[in-house]
Amino acid sequence: IERYKGIIPALITPYTNEGKINEAVTRKLIQHLLSKGVKGLYLSGSTGEGFLQTVEERKQFLEIVVDEVQGEVPVISQVGAVDTNTCVELTKHAAEVGADAVSAVAPFYYKHGSEQIKQHYLDIVNAADIPLIIYHIPDFTGTSGSIDFYEELSKVENIIGLKYTSKDTFFMQQLIDVCGDEFMVFNGPDECCIAGLAVGAHGAIGSTYNIMPEKFVSLFNHFANGNIAAAKQEQYEANRLIRKLLDYDFIAFEREVLTLQGFDVGKPRKPLQQLTDMERSQIRKIVEEFPFL
Ligand code: NAY
């Protein structure tokens, strides 16, 4: 659990101009993020576009990342999919190639009952000897477990935590309370990072940690050292940028910023937003306004 405490980027998946996974840029981006003090990498989630990729691409990307990280920080692979079989296949593969944990959104599209969703998570955790971090993102999946639902799953061996992507900090605090301190809860919305930490989140997984890792590593360290005023200052500065980011599709925006930072990560996959030249020049101006980028 100590290993996971900190800022964990939900890694962008770098693509080539042809839209294939870009191994060289992936390796370069990972080294950059590690040098900034991130405590792990979260792959193939919302930011990583796992849902827009083939199973083979998701496997290939994980293998590159595990090879580059060489055990320096935990690698968490998001294996969620609409069907249980795909999740099981990706989980087995993740265990085989040496990922530290898998994570999964609730099965979406069909409206399943909580018994089916529970069974889905049990099938994943029983598929291989690798820990599971549940991914709670009700705005995207259209489904939310109750406190009791998560409490029950938190007692299952090898379900070690939850990535909590919602701004309801009361719900988050109740979860941390009933699931106990050995169960890790990660804050999802970066703009509310300090709020999540304040109610007991153990770490934070998010998209903007790709483009401003230092800001949030500093926020996390200040918070851990009890310097709340300094942590709050970092959150305020980051949020002035996030407010602008939210005028765009966050993935398109972050890919453009990374490109300007020297990481040629390519365009997001359709149907995600394809930026116009006008939007790209607006983003260039924003980057100039924020010296910490
Ligand atoms: C992931 O799986 O890629 C994430 O970590 C998602 C977390 C993001 N949440 C959503 C809904 O996109 O990082 C946040 C988010 O982009 C950021 O807070 C800006 O709103």
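So, here is what we can say about the structure in this document.

Definitions and cut-offs
- Residues numbered from 1 in each chain as written.
- Predicted model: local features only at pLDDT ≥ 70, side-chain atom pairs only at ≥ 80, totals over all residues.
- Heavy atoms only, no water.
- Near = heavy atom within 4 Å.
- Polar contact = N/O pair within 3.5 Å; in protein donor to acceptor, adjacent residues only side chain to side chain.
- Areas by Shrake-Rupley, 256 points an atom, 1.4 Å probe, with all protein chains shown as cover.
- Nonpolar A, V, L, I, M, F, W, Y, C, P; charged D, E, K, R; others polar.
- Helix = DSSP H or I, 4+ residues; strand = E, 2+ residues; numbered from the N terminus.
- Contact = heavy atoms within 4.5 Å.
- Axes fitted to C-alpha atoms, helices over the stretch in contact; angles between N-to-C directions.
- Parallel < 35°, antiparallel > 145°, perpendicular 65-115°, else oblique.
- Left-handed = near helix turned anticlockwise from the far one by under 90°.
- Expected span 1.5 Å × (residues − 1).
- Buried < 20%, exposed > 50% of the residue type's maximum accessible area, 1.4 Å probe, protein only.
- Arc of directions from axis to C-beta.
- Pairing = 2+ DSSP bridges.

1. A word on the site of the ligand
No. 1: Taken together, 19 residues form the shell around the ligand, and within it Thr47, Tyr135, Lys163, Glu191 and Ser207 come nearest.
No. 2: One nitrogen or oxygen atom from the main chain of Asp190 is found 2.8 Å from an oxygen atom belonging to the ligand.
No. 3: Ser207 is positioned with one of its backbone polar atoms (N or O) 2.8 Å from an oxygen atom of the ligand.
No. 4: Notes on the ligand: free accessible area 480 Å², of which the protein chains cover 91%.
No. 5: Split by residue class, the shell around the ligand holds nine nonpolar, seven polar and three charged.

2. A closer look at the side chain of Gln78
No. 1: For Gln78, the position within the fold is in strand S3 (residues 75-78).
No. 2: Of note is the side chain of Gln78, whose polar atom sits 2.8 Å from the backbone nitrogen of Gly80.
No. 3: Each residue touching Gln78, except ones within four places of it in the same chain, is listed here: Tyr42, Leu43, Ser44, Gly45, Phe51, Arg58, Ser103, Ala104, Val105 and Tyr135.

3. Looking at the packing of helix H3 (residues 84-97) against helix H4 (residues 114-125)
No. 1: Remark: H3 packs on H4, axes separated minimally by 9 Å, with the N-to-C direction vectors making an angle of 25 degrees. It follows from the interaxial angle that H3 and H4 lie roughly parallel. The two elements H3 and H4 cross, and the hand of that crossing is right-handed. Where H3 approaches H4, its residues Thr84, Cys87, Val88 and Thr91 are matched on the opposing element by His120, Asp123 and Ile124.
No. 2: In terms of residue class, the contact of H3 with H4 is built from three nonpolar, three polar and one charged.

4. With respect to helix H12 (residues 277-289)
No. 1: The first and last C-alpha atoms of H12 sit 19 Å apart over 13 residues, in line with the 18 Å expected at 1.5 Å per residue.
No. 2: Within H12, burial applies to Glu279, Ile283, Ile286 and Val287. Looking straight down H12, one finds that the buried residues subtend no more than 100 degrees of arc, so they occupy a single side. The outward face of H12, more than 90 degrees from its buried face, is lined by the exposed residues Asp277, Met278, Lys285 and Glu288.
No. 3: Buried positions along H12 lie against helix H10 (228-245) and helix H11 (250-260).

5. Observations regarding the sheet that holds strand S8 (residues 203-206)
No. 1: Ordered in space as S1-S8-S7-S6-S5-S4-S3-S2, the eight strands form an open sheet in which the pairing is parallel. The open sheet has two edge strands, strand S1 (7-9) and strand S2 (41-43), and neither has a second partner. Across the sheet, the axes of successive neighbouring strands diverge by a mean angle of 25 degrees, strand direction being ignored.
No. 2: Examined bridge by bridge, strand S5 (residues 132-136) and strand S6 (residues 159-164) share five bridges and lie parallel to one another. Looking across to S6, one finds that Ile133 is bridged to Gly161.
No. 3: Its contacts with the sheet put helix H2 (residues 55-69) on S2 and S3, and the angle it makes with S3 is roughly 175 degrees.

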